[in-house]
Amino acid sequence: MMASSLQQFVHDKLIYATAYLQGRFYALPRGPSDVYGLFVSKLTSLIALPLPLLSFLVVPFYGGSSTTVSLLVFYLTWSALVISHDPLTIEIYGTIAIRGLCYLLPALAFLAFDLGLPDISKNVKARGKRQLPGNLSRQRLIRLATVAVGNVILAILVQAALEVVVTRILHLRSLIKVTTILPLPLTIVVDILKGLACRSALSYFVHRYLLHTFDSPLKSWHKQWQHSVTAPFSLLSSYDHPINYLLHSWLPTFLPAYLFRWHVLTWHAFLIITSLEELFVFSGYAVLPSSIILTGMARRSEAHFDSVQNRGQVGNYGHLGLLDFCLGTACKHEDDIIDDVKSEADKHRLQDRIDAAVQAALSKQHEMTNSSNSQGKLSFRKSKASGSHEDANVRADDTDDHDNNIQAEGTDSGPRRSGRRKLFKS
Ligand SMILES: [Zn+2]
């Protein structure tokens, strides 16, 4: 009985699998025109995908509508996007767009800028001419760019493959949630903070122990690939042996999204932050968007490369520097995270002082304007009141009031003022 039901089960599965494969086979393009048609349909779908999201970005500029309306439009367009597209398409196409726009394309543009305009570039590099990628041979640069781009594509393919295995073969729920229900802004912020903490910790321990401490092929690859370049530039962030790249860079980024099963929008927001961080921290530029924290992260990353090159005490395994500071692996003679935070605080205090000075100057000017206006009115009234001696005193009093204490006008000098008005009327 048991054997027959098992046989029936296997038989059914085989028939289903054969029919499924036949269907897929017939759907494959059979000639150049079919290939062209498939290509055009995929391209159209790729271009059409971000259109609902673009409408959300455009509304605040052209619609002149409130935030509530913008959110409503976003919700409707988001719902339309989720209903009309496969969840895997939304997750993977969004990932491709973000990795392309926030990391790969700017990193390639930085490389082109460094190679095309070295005289300008050396002035914005923290270490000047020494840090230009033009010091590497052309062949090495081509290999480096190919591996870096290949690693980014590989990471996206691994993510897509995992989703396909989980949803279409194991028939489980997707690793990243794609639903029409939007997460609350606070939930997104909290999730991203948790994700950044997890990513920093995992990346630190993989980098410290797997890539620099324990003797293994991973350690040799990391030294031969990423640390073969002395001064980092943006594209170097994704240049390493593919297995090292997946362990050190992709896994710490993707794992929090999987562990907390983020909404796809949270994943995309997190990916934007981490992509920009990779882009800037490895750039080597002295001028960066966040003048203190991001610059500190970039200088610590360079110090890590120096420590490996000098064959001394290797340190600065993390970008943020908090774990290096706590676990005593920060490179010597380099500013740590505490110095960065102090500098950032000092900078903001300086800004507060500038704001206070400007505010004080503006209020002083305002007082002077009010004072001269009231003087003008009183002079006009004095000429009408035939120039009595009492009026001259009143004018002097009034000027003093304005100069000394504006608040007194509304309280102590109130009865005196009403007395003055009676005097003018008489
Ligand atoms: Zn390293």
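As annotated in an unreviewed UniProt entry, the protein chain is Fatty acid hydroxylase domain-containing protein from Dissoconium aciculare CBS 342.82. Looking at the Subcellular location (unreviewed entry) heading of the UniProt record, one finds this comment for the protein chain: "Membrane".

A.B. asks: For the overall build of the protein chain, give the residues involved together with the corresponding values.
C.D. replies: In terms of regular secondary structure, the protein chain is built from 17 helices and 0 strands. A buried classification covers 25% of the 426 residues belonging to the protein chain. Restricting to contacts in the protein chain with at least 6 residues of sequence separation, those with at least 24 account for 64%.

A.B. asks: Before we move on, could you go through the UniProt feature "transmembrane region" (unreviewed entry) in the protein chain and cite the residues and values that matter?
C.D. replies: The sites that carry the UniProt feature "transmembrane region" (unreviewed entry) are, in the present numbering, residues 35-59, 66-84, 96-120 and 141-162. Counted over residues 96-120, helix gives 96% and strand 0%. Its end C-alpha atoms are 31 Å apart. Split by type, residues 141-162 is 100% helix and 0% strand. Its first and last C-alpha atoms lie 32 Å apart.

A.B. asks: Report on unusual backbone geometry, specifying residues and quantitative values.
C.D. replies: A positive phi is found at His 171, a non-glycine position, where the angle reads about 55 degrees. Following the sequence through the fold, His 171 ends up in the loop between helix H7 (138-169) and helix H8 (185-210). On the neighbour-count criterion, His 171 (7 C-beta atoms within 10 Å) is exposed. One non-glycine residue with positive phi stands out, namely Arg 261, at about 40 degrees. Along the chain, the position of Arg 261 falls in the loop between helix H10 (242-259) and helix H11 (264-281).

A.B. asks: So what's going on with the nonpolar core? Which residues, and what values?
C.D. replies: Membership of the largest hydrophobic core comes to 21 residues, with the highest contact counts inside it found for Ala 107, Ala 148, Phe 233, Leu 235 and Tyr 239. Residues contacting Ala 148, with those up to four places away along its chain left out, are Leu 235, Ser 238 and Tyr 239. Grouped together as the second largest cluster of nonpolar side chains are 11 residues, Ile 90, Val 178, Phe 254 and Val 264 included.

A.B. asks: Please set out the environment of Gln 131 residue by residue, giving values where relevant.
C.D. replies: Note on placement: Gln 131 falls in the loop between helix H6 (118-124) and H7. Taking the C-beta count within 10 Å as the criterion, Gln 131 has 22 such neighbours and is therefore assigned buried. Here Gln 131 is in contact with Lys 125, Ala 126, Ala 231 and Gly 284, once residues within four sequence places are set aside.

A.B. asks: Could you give me a rundown of H11, with the residues and numbers involved?
C.D. replies: When the terminal C-alpha atoms of H11 are compared, their 25 Å separation across 18 residues agrees well with the 26 Å that a helix rising 1.5 Å per residue should span. Of the positions making up H11, those classed as buried are Val 264, Thr 266, Trp 267, Phe 270, Leu 271, Thr 274, Ser 275, Glu 277, Glu 278, Leu 279, Phe 280 and Val 281. Where H11 is buried, its residues touch helix H5 (87-116), H8, H10 and helix H12 (293-309).

A.B. asks: Break down the confidence of the model for the protein chain for me, with residues and values.
C.D. replies: On average, residues of the protein chain carry a pLDDT of 77, and 72% of them reach 70 or more. Mean pLDDT across the secondary structure elements of the protein chain bottoms out at helix H16 (residues 407-410), with 39, and peaks at H10, with 95. Residue range residues 383-426 is modelled with pLDDT below 50. Its contacts to residues more than four positions away, or to other chains, number 23 contacts.

A.B. asks: With reference to specific residues and values, describe the packing of H7 against H10.
C.D. replies: Put simply, H7 and H10 touch, their axes get as near as 10 Å, and they point 55 degrees apart. Considering their axes alone, H7 and H10 lie oblique with respect to each other. Here H7 runs over H10; the crossing is right-handed. Residues Asn 151, Leu 154, Ala 155, Val 158 and Gln 159 of H7 form the contact with H10, whose own contacting residues are Pro 242, Tyr 245, Leu 246, Trp 250 and Phe 254. Class assignment of the residues belonging to the contact of H7 with H10 gives a composition of 8 nonpolar, 2 polar and no charged.

A.B. asks: So, the environment of Ile 181: which residues are in play, and what are the values?
C.D. replies: Mapping Ile 181 onto the fold places it in the loop between H7 and H8. C-alpha separation for the pair Ile 181 and Val 82, spaced 99 residues apart in sequence, amounts to 9.9 Å.

A.B. asks: So what about H7? Which residues, and what values?
C.D. replies: Helical periodicity: at 3.6 residues per turn, an α-helix aligns residues three or four positions apart in one direction. The end-to-end C-alpha distance of H7, which contains 32 residues, comes to 44 Å, matching closely the 46 Å that a straight helix rising 1.5 Å per residue would cover. Among all positions of H7, only Leu 144, Val 147, Ala 148, Asn 151, Val 152, Ala 155 and Gln 159 are buried. Looking at the buried side of H7, the elements it contacts are H5 and H10. Positive backbone phi, at 55 degrees, marks His 171, one or two positions downstream of H7.

Procedures and definitions
Residues numbered from 1 in each chain as written. Predicted model: local features only at pLDDT ≥ 70, side-chain atom pairs only at ≥ 80, totals over all residues. UniProt positions renumbered as here; feature names shortened; annotations may be inferred. Helix = DSSP H or I, 4+ residues; strand = E, 2+ residues; numbered from the N terminus. Buried ≥ 20, exposed ≤ 12 C-beta atoms within 10 Å, placed from the backbone. Contact = placed C-beta atoms within 7 Å. Core = buried A, V, L, I, M, F, W, Y, C linked by C-beta atoms within 7 Å. Expected span 1.5 Å × (residues − 1). pLDDT = per-residue confidence, 0-100. Axes fitted to C-alpha atoms, helices over the stretch in contact; angles between N-to-C directions. Parallel < 35°, antiparallel > 145°, perpendicular 65-115°, else oblique. Left-handed = near helix turned anticlockwise from the far one by under 90°. Nonpolar A, V, L, I, M, F, W, Y, C, P; charged D, E, K, R; others polar.

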